[in-house]
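# Analysis of the macromolecular model
Okay, here's what each chain looks like letter by letter:
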Amino acid sequence: MTTKLIAVLALCVLIAACEPGSEVTKPAASPAAQSTTPAPSPSPEATAPASTSVVWKTGDKVKVTINGAAVEATVVSIDEKALKATVKVQGETKERTVNLSDLVKQ
């Protein structure tokens, strides 16, 4: 038991010796190396969610995952600001509101 304890202690000391301490400082960049141009801002297309790349229309036939099963549905309306769509699932009388990311084109 004592040898295992000493081995674990030695391993901890070895690991601690290999890790860089907080005293390690990086040299400051020289003013000549620093860029004066601002970083480019991301384009609006890059910040838009991927789900908006598909343009959904009222009446589109889609598949929606409900309770782990993909079911066929028809788009009734779309709220682009909230990224939600109201769909009518085949075989149901009620309409459901789902995320646009949950829709798959048929």
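Think of each chain on its own: its residues are numbered from 1, step by step along the sequence as written. Totals for whole chains, interfaces and linings use all residues, but because this is a predicted model, local features are given only for residues with pLDDT of at least 70 and pairs of side-chain atoms are given and counted only at 80 or more. To get the side-chain values, take all heavy atoms of the structure and skip hydrogens and water.

## Observations concerning the overall build of the protein chain
Quick reminder of the rule: Each helix is a run of H or I in the DSSP string that is no shorter than four residues. Each strand is a run of E no shorter than two, and both are numbered from the N terminus. Throughout this description, buried means an accessible area under 20% of the type-specific maximum (1.4 Å probe, protein chains only), exposed means over 50%, and partly exposed covers the range between. A contact between two residues is defined here by any heavy atoms of the two lying within 4.5 Å. Residue-level accessible areas treat just the shown protein chains as cover; the underlying method is Shrake-Rupley with a 1.4 Å probe.
Within the protein chain, the regular secondary structure consists of two helices and five strands. Along its sequence from the N terminus, the protein chain presents helices and strands in the succession α-α-β-β-β-β-β. For the protein chain, the proportion of its 106 residues judged to be buried stands at 15%. Put simply, 27% of the contacts in the protein chain that link residues at least 6 apart link residues at least 24 apart. When the accessible surface of the protein chain is split by element, carbon and sulfur atoms take 60% of a total near 8700 Å².

## Details of the side chain of Thr 74
Going by this rule: Within 3.5 Å is the distance limit for a polar contact, defined as a pair of N or O atoms, with the added protein rule that one can donate a hydrogen and the other accept it, and that residues adjacent in sequence qualify only through two side-chain atoms.
The topology assignment puts Thr 74 in strand E2 (residues 69-79). Looking at Thr 74, the relative accessible area reads 19%, which means it is buried. A polar contact of 3.3 Å, which involves the side chain of Thr 74, links it to the side chain of Lys 61. Discounting chain neighbours no more than four positions away, the residues touching Thr 74 are Gly 59, Asp 60, Lys 61, Thr 86, Val 87 and Lys 88.

## A word on the pairing of E2
The line we're drawing: We treat two strands as partners when DSSP finds at least two bridges between them.
The pairing of strand E1 (residues 61-66) with E2 spans six bridges and is antiparallel. Each residue of the ladder has a partner; that of Lys 63, found in E2, is Glu 72. Here E1 folds back onto E2, and the loop between the two strands holds two residues, one of which, Asn 67, carries a positive phi near 55°. In this sheet, strand E3 (residues 84-89) lies alongside E2 in antiparallel orientation, the contact comprising six bridges. Bridge pairing in E3 places Ile 78 opposite Ala 85. From the end of E2 to the start of E3, which pair antiparallel, there are four residues, and Leu 83 there has a positive phi angle of about 55°.

## Considering the sheet that holds E2
How we decide: Lines are fitted to the C-alpha atoms to define the axes, a helix being fitted only along its stretch in contact, and any angle between axes, read from their N-to-C directions, falls within 0 to 180 degrees.
The sheet built from five strands is open, its strands ordered E4-E3-E2-E1-E5 with antiparallel pairing. Of all the strands in the sheet, just strand E4 (95-99) and strand E5 (103-105) have a single pairing partner and so form its edges. With strand direction ignored, the average angle separating the axes of adjacent strands in the sheet is 50°. Strand direction decides the pairing type here: E3 and E4, joined by five bridges, are antiparallel. If you follow Lys 84 over to E4, its bridge partner there is Asn 99.

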